[in-house]
Amino acid sequence: PTACLNQINAQKCTHLIGTPTMWVDIIHKAKRENNKLESLKGGLMSGAACPPELLKQAKNDFGMSVSVVYGHTESSPVVCGMFTEDSDDKILNTVGFPLNHQEVKIVDSENKTVPIGTPGQIVCRGYNTMKGYYNDDEKTAKSIQNGWYFSGDRGYMTESGHVAVIGREDDMFIRGGENIQPKEIENFVQKYDCVLDAQVVGVPDKRLGSEVAIFVK
């Protein structure tokens, strides 16, 4: 982060693109050094789950308008993005609207499209969807079906057509019969000013099957 901050100040950068981890490190170091990042007006955040509290910090503490974009390497790489007129609620709680020439839907375990607001797996297709994994027909067959890429991301679609990501299909674990999505707990814990980052996992428990473990930085 030191080299990045030095270049932001030296080059008077106006916009920054990075993963949530990069943004966490930059914002944390800027706060410690009382660096106002005055040249930065906004940026993009992508590459992993983007905590709403991190977006709020960028806006409230540094006056930056940071948007989230969503996609995958397999989608070359962006599928959803924000409109300039999107509300703060959409910016904080969704990953945007499908871009032109993209199709996105939410499906259940039987690959049937679910109603608006119902969680399921996010699948997408478009001109940018890959043909397959190199020399891996088995993995390709699981991930690409009729041109649709099965992302493994879990989410839902809003009435406006925006997509919200709530976690990964393989991250979810069951505690005492309840499905637990780590991202929901992480977002809650990260609301505390003393928390820089948080990661939630399930650990084995004889009574509950799995118990919640939180790693806090």
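Presented here is a report on the structure given in the accompanying data block. (Residues numbered from 1 in each chain as written. Predicted model: local features only at pLDDT ≥ 70, side-chain atom pairs only at ≥ 80, totals over all residues. Heavy atoms only, no water.)

With that out of the way, let us pick up the sheet that holds strand 4 (residues 70-71). Here we have three strands laid out as an open sheet, ordered 4-5-6, and antiparallel in their pairing. One side of each edge strand has no neighbouring strand; the edge strands of this open sheet are strand 4 and strand 6 (97-98). In the sheet, strand 4 pairs with strand 5 (residues 78-81) via two bridges, with the strands oriented antiparallel. Within strand 5, the position partnered with Y70 by the bridge is C80. (Pairing = 2+ DSSP bridges. Helix = DSSP H or I, 4+ residues; strand = E, 2+ residues; numbered from the N terminus.)

Before going further, it helps to examine the packing of helix 2 (residues 20-32) against helix 3 (residues 52-62). Contact pair helix 2 / helix 3: the axes reach a minimum separation of 11 Å and the direction vectors enclose 35°. In this structure, the crossing between helix 2 and helix 3 has a hand that is left-handed. Of helix 3, the residues touching helix 2 (which contributes P20, W23, V24, I27, A30 and K31) are L54, Q57, A58, D61 and F62. Classifying every residue of the contact of helix 2 with helix 3 by side-chain character gives eight nonpolar, one polar and two charged. (Axes fitted to C-alpha atoms, helices over the stretch in contact; angles between N-to-C directions. Left-handed = near helix turned anticlockwise from the far one by under 90°. Contact = heavy atoms within 4.5 Å. Nonpolar A, V, L, I, M, F, W, Y, C, P; charged D, E, K, R; others polar.)

Turning next to the packing of helix 1 (residues 2-11) against helix 2. One way to put it is that helix 1 packs onto helix 2 with a least axis distance of 9 Å and a crossing angle of 70°. Accordingly, the angle class assigned to the pair helix 1 and helix 2 is roughly perpendicular. Residue-level inspection shows T2, C4 and L5 of helix 1 in contact with helix 2, the latter providing I26, K29 and A30. Its residues placed into classes, the contact of helix 1 with helix 2 shows four nonpolar, one polar and one charged. (Parallel < 35°, antiparallel > 145°, perpendicular 65-115°, else oblique.)

On the basis of which strands lie adjacent, the open sheet formed by three strands has the order 1-2-3 and parallel pairing. Strand pairing shows two members of the sheet lacking a second neighbour, strand 1 (15-18) and strand 3 (65-68), which therefore form its edges. Averaged over all neighbouring strand pairs, the angle between strand axes comes to 15°, with direction disregarded. Here strand 1 runs beside strand 2 (residues 42-45); their pairing, made up of four bridges, is parallel. Paired with I17 across the two strands is L44, which belongs to strand 2.

Next up on the list: the environment of S151. Mapping S151 onto the fold places it in strand 10 (residues 148-157). In this structure the C-alpha to C-alpha distance between S151 and A49, which are 102 residues apart in sequence, comes to 14 Å. Setting aside residues up to four positions removed in sequence, S151 forms contacts with Y70, H72, Q121, I122 and R168. There is a polar contact of 3.0 Å between the side chain of S151 and the backbone nitrogen of D153. (Polar contact = N/O pair within 3.5 Å; in protein donor to acceptor, adjacent residues only side chain to side chain.)

This part is about the packing of aromatic side chains. Summed over all chains, the structure comprises two aromatic pairs. With a centroid separation of 5.4 Å and an interplanar angle of 40°, the aromatic rings of F83 and F97 are classed as tilted. Taken together, the residues span a long stretch of sequence, with F83 in the loop between strand 5 and helix 4 (88-93) and F97 in strand 6 at a distance of 14 residues. Taking relative accessible area as the criterion, F83 reaches 38% and is therefore assigned partly exposed. Both rings, one in F188 and one in Y192, keep their centres 6.2 Å apart while their planes meet at 80°; by these two values the pair is edge-to-face. Under the relative-accessibility criterion, Y192 is labelled partly exposed at 49%. Directly above the ring of W148 sits K105, whose terminal nitrogen or CZ lies 4.3 Å from the centroid. Sitting over the ring of Y133, K139 keeps its end group 4.5 Å from the ring centre. (Phe/Tyr/Trp six-rings, centres within 6.5 Å; stacked < 30°, edge-to-face > 60°. Buried < 20%, exposed > 50% of the residue type's maximum accessible area, 1.4 Å probe, protein only. Lys NZ or Arg CZ within 6 Å of the ring centre and 35° of its normal.)

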